[in-house]
Amino acid sequence: MPEFDHNTLAVIDDIRDREQASDGHSRYGAYLAKSAERFHYDGEPLPAAQFAVIAWRTATAPVMAPGYVSVRPDLLDLGPVIGPDGGLSLRARVALHHRHLAQHPAGLADWRLNPWHDHERWQVFGAPDATDRPVLLVTAEVFVPVPSHLLAQPSTARPGRTLTYEAKAAVATLTWQANRYLAPLLDELLGGVR
């Protein structure tokens, strides 16, 4: 199990990636090869931001399970998104209990702990089973921009070691950005309640 803390939202596991590689090089690379058609437009490599989004999606669950990148279990979602201006951001979604709100709604069901994910340190939430009363599930989405100069333009759209190397570099950049800039914001938002 990856070592997560309040400063770590995502972890890359290169050792497991090599050890479990069906191609003898990289398990992630084999997944990239299976979805190679997603990495080009008419044979030309994707722009760097779009490449990073596809590389991340391929590296994480549910595409890879376990993923090349593991995401902290208390997050509902973590990943790159392209904004209307074409810029890349990282977005994290977290569940908030009613106690996080300035005014607690009366009589509404809240998030419940997911019984299938028992973590000592991180609370993993699932939707309540309440069908006899209204439910209010509160989430927060936190975005941080990813500066375009941090992402290299991919040089190929063909499966192989170069594509794997470039995808791993994009995913490493996103992981670093998440842990460096997004983790402190989430820690402050959650106020250490998890």
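Rules of the game
- Residues numbered from 1 in each chain as written.
- Predicted model: local features only at pLDDT ≥ 70, side-chain atom pairs only at ≥ 80, totals over all residues.
- Heavy atoms only, no water.
- Helix = DSSP H or I, 4+ residues; strand = E, 2+ residues; numbered from the N terminus.
- Buried < 20%, exposed > 50% of the residue type's maximum accessible area, 1.4 Å probe, protein only.
- Contact = heavy atoms within 4.5 Å.
- Areas by Shrake-Rupley, 256 points an atom, 1.4 Å probe, with all protein chains shown as cover.
- Lys, Arg positive; Asp, Glu negative; His and termini not counted.
- Charge placed at Lys NZ, Arg CZ, Asp CG, Glu CD.
- Pairing = 2+ DSSP bridges.
- Polar contact = N/O pair within 3.5 Å; in protein donor to acceptor, adjacent residues only side chain to side chain.
- Axes fitted to C-alpha atoms, helices over the stretch in contact; angles between N-to-C directions.
- pLDDT = per-residue confidence, 0-100.
- Parallel < 35°, antiparallel > 145°, perpendicular 65-115°, else oblique.
- Nonpolar A, V, L, I, M, F, W, Y, C, P; charged D, E, K, R; others polar.
- Left-handed = near helix turned anticlockwise from the far one by under 90°.

> Is there a simple way to think about the overall build of the protein chain in this case?
Helices and strands together make up the secondary structure of the protein chain, namely 4 helices and 9 strands. For the protein chain, the succession of helices and strands along the chain, N to C, is β-α-α-β-β-α-β-β-β-β-β-β-α. For the protein chain, the C-alpha atoms occupy an extent of roughly 55 × 40 × 30 Å along the three principal directions. When the 194 residues of the protein chain are sorted by exposure, 44% land in the buried category. Within the protein chain, counting contacts between residues at least 6 apart in sequence, those at least 24 apart form 68% of the total. For the protein chain, the computed accessible surface area is about 10,700 Å², with 52% contributed by carbon and sulfur atoms. The distance from the centre of the 18 positive side-chain charges to the centre of the 22 negative ones in the protein chain is 2 Å.

> So what exactly am I meant to see when it comes to the pairing of strand E6 (residues 88-96) here?
Looking down a regular strand, the side chains alternate between one sheet face and the other. For E6, a buried count of 7 out of 9 residues is recorded, marking the element as mostly surrounded by other parts of the structure. Bridging between strand E5 (residues 75-82) and E6 involves 7 bridges; their strand directions are antiparallel. Looking across to E6, one finds that Leu78 is bridged to Ala92. Joining the antiparallel neighbours E5 and E6 is a turn of 5 residues, in which Gly86 adopts a positive phi near 90°. With 9 bridges connecting them, E6 and strand E9 (residues 138-146) associate as antiparallel partners.

> Is there a simple way to think about the environment of Pro66 in this case?
Looking at where Pro66 falls in the secondary structure, it is placed in the loop between helix H3 (48-59) and strand E4 (69-71). As for Pro66 and Asp23, which are separated by 43 residues in sequence, their C-alpha atoms are 17 Å apart. Apart from the residues lying within four places of it in its own chain, the contact partners of Pro66 are Arg16 and Arg27.

> What should I look at first to understand helix H2 (residues 27-34) in this one?
Every α-helix winds through 3.6 residues per turn, so residues three or four apart in the chain are directed the same way. Looking at H2, one finds that the buried residues are Arg27, Tyr28, Gly29, Ala30 and Leu32. Buried positions along H2 lie against helix H1 (14-19), H3 and helix H4 (161-190). Put simply, Ser26 is the residue that caps the front of H2, since its side-chain oxygen is 3.3 Å from the backbone nitrogen of Tyr28.

> Which parts of the structure should I look at to understand the sheet that holds E5?
Sheet strands pair by backbone hydrogen bonding; their relative direction is either parallel or antiparallel. Across the sheet, which stays open at both edges, the 3 strands sit in the order E5-E6-E9 with antiparallel pairing between neighbours. The open sheet is flanked by E5 and E9, the only strands paired with a single partner. When the angles between neighbouring strand axes are averaged without regard to direction, this sheet yields 20°. Where H3 meets the sheet, its contacts fall on E5 and E6, and the angle it forms with E5 comes to roughly 155°.

> Could you clarify how one ought to interpret the confidence of the model for the protein chain in this entry?
One rule of thumb: low pLDDT means the predicted coordinates there are not for detailed reading. When pLDDT is averaged across the protein chain, the result is 89; 94% of the residues are at 70 or more. Mean pLDDT values for the elements of the protein chain range from 72 in strand E7 (residues 112-118) up to 97 in strand E1 (residues 10-12).

> What is the right way to read the environment of His98 from this model?
One can find His98 in the loop between E6 and E7. The spacing of His98 and Asp110 is 12 residues in sequence and 6.6 Å in space, taken between C-alpha atoms. Sequence-distant contacts of His98, that is, excluding residues within four places in its chain, are made with His104, Pro105, Leu108, Ala109, Asp110, Leu136 and Val138.

> Looking at this structure, how should I read the packing of H3 against H4?
Packed helices, taken two at a time, are described by their axes: the angle between them and the distance between them. At a minimum axis separation of 9 Å, H3 and H4 run at an interaxial angle of 90°. When the axis of H3 is compared with that of H4, the two are roughly perpendicular. Across the interface between the two elements, Phe51, Ala52, Ala55, Trp56 and Ala59 from H3 touch Leu163, Glu166, Ala167, Ala170, Val171, Leu174 and Thr175 from H4. Classifying every residue of the contact of H3 with H4 gives 10 nonpolar, 1 polar and 1 charged.

> What is the right way to read the packing of H2 against H3 from this model?
Look at H2 against H3: their axes get within 10 Å of each other, and the N-to-C directions meet at 120°. Here H3 runs oblique to H2, going by the angle between their axes. In this structure, H2 meets H3 at a crossing whose hand is right-handed. Counted together, Tyr28, Tyr31 and Leu32 of H2 and Ala55, Trp56, Thr58 and Ala59 of H3 form the full contact between these two elements. Of the residues belonging to the contact of H2 with H3, the class tally is 6 nonpolar, 1 polar and no charged.

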